[in-house]
Structures are given as structure tokens and as C-alpha cells.
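# Chains, contacts and geometry: an overview
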Number of protein chains: 2
Amino acid sequence: MARWEPDSRGRLVQAALVLYAERGFENTTVAEIAARAGLTERTFFRHFADKREVLFFGAAALEEFLVSAVETAPESASPIEAVTSALEAAGPLFEERRDSSRQRQQVIDANTELRERELIKLASLASALADALRRRGVADPAATLTAEAGIAVFRVAFARWVSDSDSRGLPEHIRESLGALQTVTAGR
Amino acid sequence: MARWEPDSRGRLVQAALVLYAERGFENTTVAEIAARAGLTERTFFRHFADKREVLFFGAAALEEFLVSAVETAPESASPIEAVTSALEAAGPLFEERRDSSRQRQQVIDANTELRERELIKLASLASALADALRRRGVADPAATLTAEAGIAVFRVAFARWVSDSDSRGLPEHIRESLGALQTVTAGR
């Protein structure tokens, strides 16, 4: 009979982040993650395809959220407004998880393969946002450039948010990064 | 005794691009590339570590050129000016190779692993440009955002340059893409 497993996914994520930090991503096995979470390997594989997926399973939900927010932004919103409003609106998806977001980022930054995987996920997100802008009638190259600018703003904002010790939220960092991008691009 | 091999590297690149286009990157062997170029496998491996390297060996020279151009830009140049002037100055590195640049891009676009490798090379280039800006005294996040903006401009300009049938040069496409980025980022 299957045991009742309250929030087994969350427990697996927490156990994985602790182990990746302690002994490195490459030296951690799925069996160890499951044991640490008090669960079986079989339960792990019900939630994740592999140990890398623990770090990236949120990307699909984030992409879906952002694409939908861009598509449903007011008609009057400019492309960059549609994208940055979507990013700001995604803030609450992260807000309660600043500590685990920081742990996750440290694990990724320490491993070339994971950094590459993250780059690829972000490029895929930029591409999905550009498609969403095209469905709003934004032409190229504006659609591509707006999406790339949005992702650059998001990466910088996210890095500052996880590393800053102050209490400013992710949306505030996003607005600040957008302001910085506007200043640097206008500089010619 | 070693045969004299005039431009063996160029012949290997041309042979590889033709074969990758004809039968796909994954279905082409180093032996076939060497044979098509009228050279030996040993000669191939004197120039390239593997068949993927044929597509990416230029990245190091491009990075070196751009980093040096950013570092030596006039003190009065704004960060975005330093980066886009460097990109424009790199135009002649590509200008004579529009056809092979187009062939190369088609091979990369058709293969997930190669697209990922290109993303990683461009991210490494952005990171090197941000470092060069920091050495000019540009603070963060401006250094990171300027470098990312420059790479986004370059990617869009490059894609338009290889696919456009008109005779506009790469520097002109770079200026046009920068103008488009300035327009979209100001739109809020």
C-alpha cells in the first residue's frame, strides 16, 4: 500500500538542494536525495526525470505564465511594457522562495553543465516571449529584441534579488534593471 | 615528406560546410570531410579538435578582437558606443564570407546541439565584453546589461545580414538593430 506522502515534491527539492550544496551536484545520487527526503527512489522518479530536472522543473510553468501574461496585456501596452509587466507579475512565484532560489543559483553557478542548461532554458523562454509578442502584432526585429531585452533585465534583476540582503522584492529589482537598460541603450 | 597544402584549413571548412548541408552534421564523418578536401584525417586534426570545431573555431578570434576594441575605444565613448563600435569594426571579419556564414548558420539552425553550442559561445562573448567594460570603469549592472544588449543587437543584425538579399553590410545592420533596440526599450 502506498504511503501518504505530504508534499513529497517539495521535500525532494529541499533534500536535493542541501545535498548539491554539501557535496556538489555531480557527487549526489538520486538514491541519496530520496533517502534524505525520507522517500523512495520510485517516488523521486514519479516527480522528476533525473537529478538535473529538480533544478529546472519550474521553467515550464514560468514560461506558460509569462507567455499568457504577455498575450493578455492591455492592447495599449508597448512591447517592452507587456514583457516587463509580465516579469513583474511573476514576482510572487518566487517571492516566498528567495532562500531556495539562492541555493539553486549557487548550485547552478558552480557547475558548467548546469549553467549551460540554464542558458538554454532562458533562450527558449526568450523565444517563447518573442512568439507571444508576434501574436500581439509586434513585427521583427522588435519582437526578438524586446524579448531578449526582457530576459537580460530579468537575469540581472534575479541575480541581484537573490544576492541582496535588503528586503526589496523581485518586481522592484526588475523595474530598476529596466531603468538601467534604458539608460545604457540610450547612451549613443 | 609532408605535402604542401595551400589553405588546407579553408579547404576543410568549405568541404565540411558542403557535407553538413548535403547529409546533415550528424551524418558526416571527419574522414569524409578530409577526403572531400583532398587531405588526410591527420591534416584535419592538425587544424580542428573535432567536426564541431570547424563551425566554432572563429569564436576565439572574434572575442579577442571585440574585447580589444572595447578596451581601446576612446575614453569619451559611452558603454553602448564602445560595444557597438567594436561590433561594427568586426564587420570586415565577416564581409567576404557572407556565403559561408549563411551556410554555417543553416547547419547550426538545423541541429539542437549546435544551436546550444552557439548560445554558449555567445554567452561567453557577452561575459568577456562585460569584463572589458568593467576594466573601462563601467559599474554593474550597466556593464552586464550593455554587453547583453550588444550581443542581442549582433545576433539580430547577423541573422538579417546572412538572410537578406540586398547588399547592405553587417555594420549597417548593426546600426539598424541598435536603433530598433533603442526604440523598443524606450517604449515605457
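Keep in mind it's a predicted model, so treat the numbers as computed, not measured.

Procedures and definitions
- Residues numbered from 1 in each chain as written.
- Chains lettered and ligands numbered in written order.
- Predicted model: local features only at pLDDT ≥ 70, side-chain atom pairs only at ≥ 80, totals over all residues.
- Helix = DSSP H or I, 4+ residues; strand = E, 2+ residues; numbered from the N terminus.
- Buried ≥ 20, exposed ≤ 12 C-beta atoms within 10 Å, placed from the backbone.
- Contact = placed C-beta atoms within 7 Å.
- Least-squares fit on C-alpha atoms with pLDDT ≥ 70 in both.
- Domains from an automatic or database assignment.
- Nonpolar A, V, L, I, M, F, W, Y, C, P; charged D, E, K, R; others polar.
- Axes fitted to C-alpha atoms, helices over the stretch in contact; angles between N-to-C directions.
- Left-handed = near helix turned anticlockwise from the far one by under 90°.
- Expected span 1.5 Å × (residues − 1).
- pLDDT = per-residue confidence, 0-100.
- Parallel < 35°, antiparallel > 145°, perpendicular 65-115°, else oblique.

Across its full length, chain A holds 11 helices and 0 strands. Counting across all 188 residues of chain A, residues that qualify as buried make up 35%. Put simply, of all contacts in chain A between residues at least 6 apart along the chain, 59% involve residues at least 24 apart.

Right, let's talk about unusual backbone geometry for a bit. Cis geometry is found at the peptide bond from Asp140(A) to Pro141(A), where omega equals 5°. Positionally, Pro141(A) belongs in the loop between α9 (112-135) and α10 (142-163).

Turning next to the relation of the copies chain A and chain B. After a rotation of 180° and a shift along the axis of 0.0 Å, chain A superposes on chain B with an RMSD of 0.0 Å. Accordingly, the operation relating the two chain copies is best matched by a two-fold axis. Of the C-alpha atoms belonging to chain A, the one lying closest to the rotation axis is found on Ala149(A), 3.3 Å away. Of the interface residues in chain A, 100% have counterparts in chain B that sit at the interface too, so the contact is made through matching surfaces.

All names here are of chain A. Parsing chain A into structural domains produces domain 1 (8-52) and domain 2 (57-185). Domain 1 and domain 2 are separated by 27 Å when their C-alpha centres are compared. Taken together, the contacts link 7 residues of domain 1 with 9 residues of domain 2. Per-class residue counts for the side of domain 1 that touches domain 2 are 5 nonpolar, no polar and 2 charged.

Once that is clear, we can look at the interface of chain A and chain B. Opposite the 27 residues of chain A that make contact, chain B presents 27 residues. Mapped onto the side of chain A that touches chain B, the elements with two or more residues apiece are α6 (79-89), α9, α10 and α11 (170-185) of chain A. For the side of chain A that touches chain B, the leading source of residues is α10(A), giving 8 residues. In terms of residue class, the side of chain A that touches chain B is built from 15 nonpolar, 8 polar and 4 charged.

Running from N to C, α11(A) and helix α11 (residues 170-186) of chain B cross one another at 145°; their axes reach a closest spacing of 9 Å. The two elements α11(A) and α11(B) meet at a crossing, and its hand is left-handed. For the pair α11(A) and α11(B), contact is made by Leu181(A), Gln182(A) and Thr185(A) and by Leu181(B), Gln182(B), Thr185(B) and Ala186(B), respectively. Tallied by class, the residues present in the contact of α11(A) with α11(B) amount to 3 nonpolar, 4 polar and no charged.

Attention now goes to α11(B). In this model α11(B) runs 24 Å from its N-terminal to its C-terminal C-alpha over 17 residues, within 8% of the 24 Å that 1.5 Å per residue would give. What α11(B) keeps buried is the set Leu170(B), Pro171(B), His173(B), Ile174(B), Ser177(B), Leu178(B), Ala180(B), Leu181(B), Val184(B) and Thr185(B). Turning to α11(B), the residues buried within the fold contact α6, α10 and α11 of chain A together with α6 (79-89), α7 (91-95) and α10 (142-163) of chain B.

Let us now look at α6(A). Among the 11 residues that make up α6(A), 8 are buried, leaving the element largely enclosed by the rest of the structure. All buried positions along α6(A) are accounted for by Pro79(A), Ile80(A), Ala82(A), Val83(A), Thr84(A), Ala86(A), Leu87(A) and Glu88(A). Packing partners of the buried residues in α6(A) comprise α5 (58-71), α7 (91-95), α9, α10 and α11 of chain A together with α11 of chain B.

With that out of the way, let us pick up the confidence of the model for chain A. Here chain A shows a mean pLDDT of 92. Residues at 70 or above account for 97%. Here the predicted complex scores 0.90 on pTM and 0.89 on ipTM.

Looking now at the packing of helix α5 (residues 58-71) of chain B against α6(B). Working note: a packed helix pair is described by the angle between its axes plus the distance between those axes. Residue and element names in this part refer to chain B. Viewed as axis vectors pointing N to C, α5 and α6 meet at an angle of 135°, and their least axial separation amounts to 9 Å. Comparing the axis directions of α5 and α6 gives the class oblique. Crossing hand, α5 versus α6: right-handed. Two secondary-structure elements touch here, α5 through Leu66, Ala69 and Val70 and α6 through Ala82, Val83, Ala86, Leu87 and Ala89. Each residue belonging to the contact of α5 with α6 can be placed in one class, and the counts come to 8 nonpolar, no polar and no charged.

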